Amino acid sequence: MNTVQSADGTAIAYDRSGEGEPLILIGGSFSERAHPTMSQLAQELSAHFTVYNYDRRGRGDSGDAAEYAVEREIEDLAALVAEAGGSARVFGLSAGGALALRAVASGVEGITKVALYDPPFVVGEDGPRPPAGFTQQLKELTDADRRGDAVELFMTKGMGAPAEGVAQMRFAPFWQGLEALAHTLPYDTTILGDDLALPTGLDAVKVPVFVVYGGNAAPWLHASARALADALPESSHHALPDQDIAVDPAALAPELKNFYLG
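Predicted model, so just to flag it, every value in this text is computed and none were measured. (Residues numbered from 1 in each chain as written. Predicted model: local features only at pLDDT ≥ 70, side-chain atom pairs only at ≥ 80, totals over all residues. Heavy atoms only, no water.)

1. Some remarks on unusual backbone geometry
Alright, step 1. We note that S94 has phi near 55 degrees; this positive angle belongs to a residue other than glycine.
Alright, step 2. Position of S94 among the secondary structure elements: in the loop between β5 (88-93) and α3 (95-105).
Alright, step 3. The residue L196 is not glycine, and still its phi comes out positive at about 60 degrees.
Alright, step 4. In this structure, L196 sits in the loop between α8 (185-192) and β7 (209-214). (Helix = DSSP H or I, 4+ residues; strand = E, 2+ residues; numbered from the N terminus.)

Written as C-alpha cells, this is what we have:
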C-alpha cells in the first residue's frame, strides 16, 4: 500500500501495479480498492499499464474530512494524477465515472482519456426516482447509525432494486460490508445529484470518453449510457454482451485496453 497527500492534507491510499502508461481506477458505490471488481480489474490491466487503484476518501485505508465536498474528491484525483507523473488515463465505475467527468470539467489537468462503466444517470421515464432530499435522508440515517436503513434506501430508491430483494439481502453475509461503507453513499449522491439527472456542463469535457454498459443491465442504464455519450463532445459507447452492473473484469479489461491504447 502507498499513500499520497491530497490538497487538504487527507491521506489517500492506493496500490500500484504493472508497467506502462499510468491508469487510475475510481471505484463506485460500495466499492474500495480491495473490492474484487476493482482489484481484479487492476490485475487484468496491469499487463498493459501502470495501474493506480485507490481508496476514495472515507473508504478502506484512506482518510476523510469532517465535512464532505465534491471538490475534495476532485483534489484527491488530481493528487493521484500528479503522483502518476502528471498525466494519466482514468476509469470510473458507476458513480466513480461521474466523479471523473466532474474532475475533467472542473479543469483538472493531465487526464488524457476517460472510460466509464454503467453511469447511473436517469433519462426519460424509466429508471429509479429518488425522493426529494435524498442525500440529506441518507446522511441523517448514517449519522443516526442506521446504516442498514441507509443501504436499503440507496439500493431501492437510488438503484431501483426491488424492496423485497433488498430486504432479503439484509440477512446475507455480505450485508455487513455494505453497511461499513454506508457513510459514503451521500458522497456518491452529491456527485450524481439527488435526481440522478444527466449533468450539465458536459461540453467542458474536452478529452475522449468511452461509455461502456452491460448488455444485460436494466434498460434505463442503456439509455443513460447512450444519452451521456451523445452529450459529450468526443465520445463513443459500447454494450458489453452478457454483462450487468456486476461486471466481469476479464470481459471489461480488453475493451478498456483497446480504447486507451487506440
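2. Considering the sheet that holds strand β2 (residues 11-17)
Alright, step 1. On the basis of which strands lie adjacent, the open sheet formed by 8 strands has the order β1-β2-β4-β3-β5-β6-β7-β8 and mixed pairing. At either end of the open sheet lies a strand with only one pairing partner, and these are β1 (2-5) and β8 (235-240). Each neighbouring strand pair of the sheet contributes to a mean axis angle of 25 degrees, computed without reference to strand direction.
Alright, step 2. Pairing of strand β3 (residues 22-26) with β5 involves 4 bridges; the strand directions are parallel. Looking across to β5, one finds that I26 is bridged to G92.
Alright, step 3. Along the sheet face, helix α1 (residues 36-45) touches β2, β3, β4 (50-54) and β5 and points at about 165 degrees away from the line of β3. (Pairing = 2+ DSSP bridges. Axes fitted to C-alpha atoms, helices over the stretch in contact; angles between N-to-C directions. Contact = heavy atoms within 4.5 Å.)

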